[in-house]
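What the coordinates show
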Amino acid sequence: MSILLAAVLLSGCSDESPDSAAATKADSSTQLAAEVAVEREPVAPAILSPGVGSIPSLPPPAPESAAGMSPDASSASAPPPELATPPVAPGPAEVQLPAPSPTKMAPPAALPMLSIIIDDVGHSRAAGERIIALPAPVALAIMPFTRNAQALATLAAEAGKPVMLHLPMENLAGLSMGEGGLSTQMSRTVFDAQLQASLNAFTPIQGVNNHMGSKLTADRERMDWLMTQLAARQLFFVDSRTNKETQAAFAAQASGVANVSRDVFLDNLRTPVELEREFKLVLARARKQGAAVLIGHPYPETLAFLEQQLPGLEAREGVQLVSVQALLTRPH
Ligand SMILES: [Zn+2]
């Protein structure tokens, strides 16, 4: 562990859960570090131009889903309609100013919404239990075939926390995907069989997001194969957006799969300053868009940061913590 940590610290990349088996530790550590490196690459473009795709007729996924869900700032600050009408000349008020119907009253302005997903769960039971204990509906994105996948899925479901399958997908760097990985070289038969095995690896599963996947998510044909299976199981999809050319949200829309896209990665860098910076960034995006999705990983630094930040967040920041299901765009 100390050697791994030293290597990670030296490389500036990431470690993984502390209690993984030694045999899988090096693998997982390398994969997670590599994933973060891969995932980090598109952060800036994803933030600057979320949802850029090759289909110009479709609006960007993230802003689209967010914009449709909550009022913008101007509507939140606009006076209620009944106050906008100036008083009329004195007279029998009950004749000239009938009481407004309650159904015409403006509803209270909704708070901006923030949803948090923790990826790469399943190796460490202790880390998973810390996520479940967070005072918010934080989703556990659990990797298939990991040692604690089923135990953590059961505990999370019992606690009312969202449970997702964190599905390994091929990346542009050629890094190992681990067990259950889906690649662009697979025939549909092989792809479907592998996908079904992962979807059956633990239960319950409410939705899916991609582990790595900077290559596979840009493959529209295979994204269509994936979404066909998710639609059949009525699962939602969260696009982690590890490639700005991702086709996942478009494929989800086409197949009728409820979906939303990641806005910010919390912990590509795990210093207190960087964690704080990314967290403030996602809060700002939630306020601007009405809603935002934050993805983190089960690093000790990330969990400690969330344990410190989430209690009292709504009162302190005016941002409401919601489950990822609350932010889904539901295709017609
Ligand atoms: Zn991942």
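In this convention, every chain numbers its residues from 1, walking through the sequence in written order. Given that the model is predicted, a residue must reach a pLDDT of at least 70 before its local features are reported, and side-chain atom pairs must reach 80 or more before they are shown or counted; all residues, however, enter totals for whole chains, interfaces and linings.

Examining the overall build of the protein
Quick note on the threshold: Labels follow the DSSP assignment, with helices taken as runs of H or I lasting at least four residues and strands as runs of E lasting at least two, numbered in each case from the N terminus. Here a residue counts as buried when 20 or more other C-beta atoms fall within 10 Å of its C-beta, as exposed when 12 or fewer do, and as partly exposed in between; the C-beta atoms come from the backbone. Residue pairs qualify as contacts under a 7 Å threshold applied to their C-beta atoms, which are placed from the backbone.
When helices and strands are counted, the protein shows 15 helices and 9 strands. By residue count, 45% of the 332 residues in the protein fall in the buried class. Restricting the contact set of the protein to residue pairs at least 6 apart, pairs at least 24 apart contribute 71%.

Notes on the nonpolar core
In summary, soluble globular proteins display a tendency toward joint burial of nonpolar side chains. Selection criterion: Here, a nonpolar core means buried Ala, Val, Leu, Ile, Met, Phe, Trp, Tyr and Cys residues linked by C-beta atoms lying within 7 Å of one another.
I117, L140, I142 and M164 are the most contacted members of the largest nonpolar core, which has 71 residues in total. In contact with L140, other than residues within four places in its own chain, are I118, V121, G128, I131, L152, A156, K161, V163 and M164.

Things to note about helix α12 (residues 248-255)
Taken across its 8 residues, α12 has 6 buried, putting it largely inside the fold. Where α12 ends, the next residue or the one after it, G256, has phi of about 80°, a positive value.

A few points about the packing of helix α10 (residues 188-199) against helix α11 (residues 220-232)
As a reminder, the rule being used: Between the N-to-C directions of two axes lies an angle of 0 to 180 degrees, each axis being a line fitted to C-alpha atoms and, for a helix, fitted only over the stretch in contact. Each angle gets one of four labels, with under 35 degrees taken as roughly parallel, over 145 as roughly antiparallel, 65 to 115 as roughly perpendicular, and the rest as oblique. Crossing handedness is defined as follows: a turn of the near helix away from the far one that is anticlockwise and smaller than a right angle gives a left-handed crossing, while the clockwise case is right-handed.
Close contact between α10 and α11 brings their axes to 11 Å; oriented N to C, the two are set at 45°. Between α10 and α11, the angle falls in the class oblique. For the element pair α10 and α11, the recorded crossing hand is right-handed. Of the residues in α11, those in contact with R188, F191, D192 and L195 of α10 are R222, W225, L226 and Q229.

Some remarks on the environment of S255
Tracing the chain through its elements places S255 in helix α12. For the pair S255 and A231, spaced 24 residues apart in sequence, the C-alpha separation works out to 6.6 Å.

A short note on the confidence of the model for the protein
Rule in force here: pLDDT: the predictor's confidence for each residue, scored from 0 to 100.
When the pLDDT values of the protein are averaged, the result is 78; 67% of them are 70 or greater. Across residues 1-103, confidence stays below pLDDT 50; counting only partners more than four residues off in sequence or on other chains, it has 134 contacts.

Section: the environment of L167
Among the structural elements, L167 can be located in strand β3 (residues 163-169). Apart from the residues within four sequence positions on either side, L167 is in contact with L182, S198, V208, N210 and H211.

A few points about the pairing of strand β1 (residues 113-121)
Remark: a regular strand shows side chains that alternate across the two faces of the sheet. Going by this rule: Here, strands pair whenever DSSP counts at least two bridges between them. Convention used here: a crossover is right-handed provided that the path from the first strand, over the helix, to the second strand proceeds clockwise when the strands point away from the viewer.
Taking burial as the measure, the 9 residues of β1 include 9 buried ones, the bulk of the element. Both β1 and strand β8 (residues 291-296) contribute to a ladder of 6 bridges, which runs parallel. Each residue of the ladder has a partner; that of L114, found in β8, is A292. Strand direction decides the pairing type here: β1 and strand β9 (residues 320-321), joined by 2 bridges, are parallel. Within β9, the residue paired with M113 across the bridge is Q320. Sheet topology note: the β1/strand β2 (residues 139-142) ladder contains 3 bridges and is parallel. Paired with I118 across the bridge in β2 is L140. Traced from β1 through helix α8 (residues 125-133) to β2, the parallel crossover comes out right-handed.

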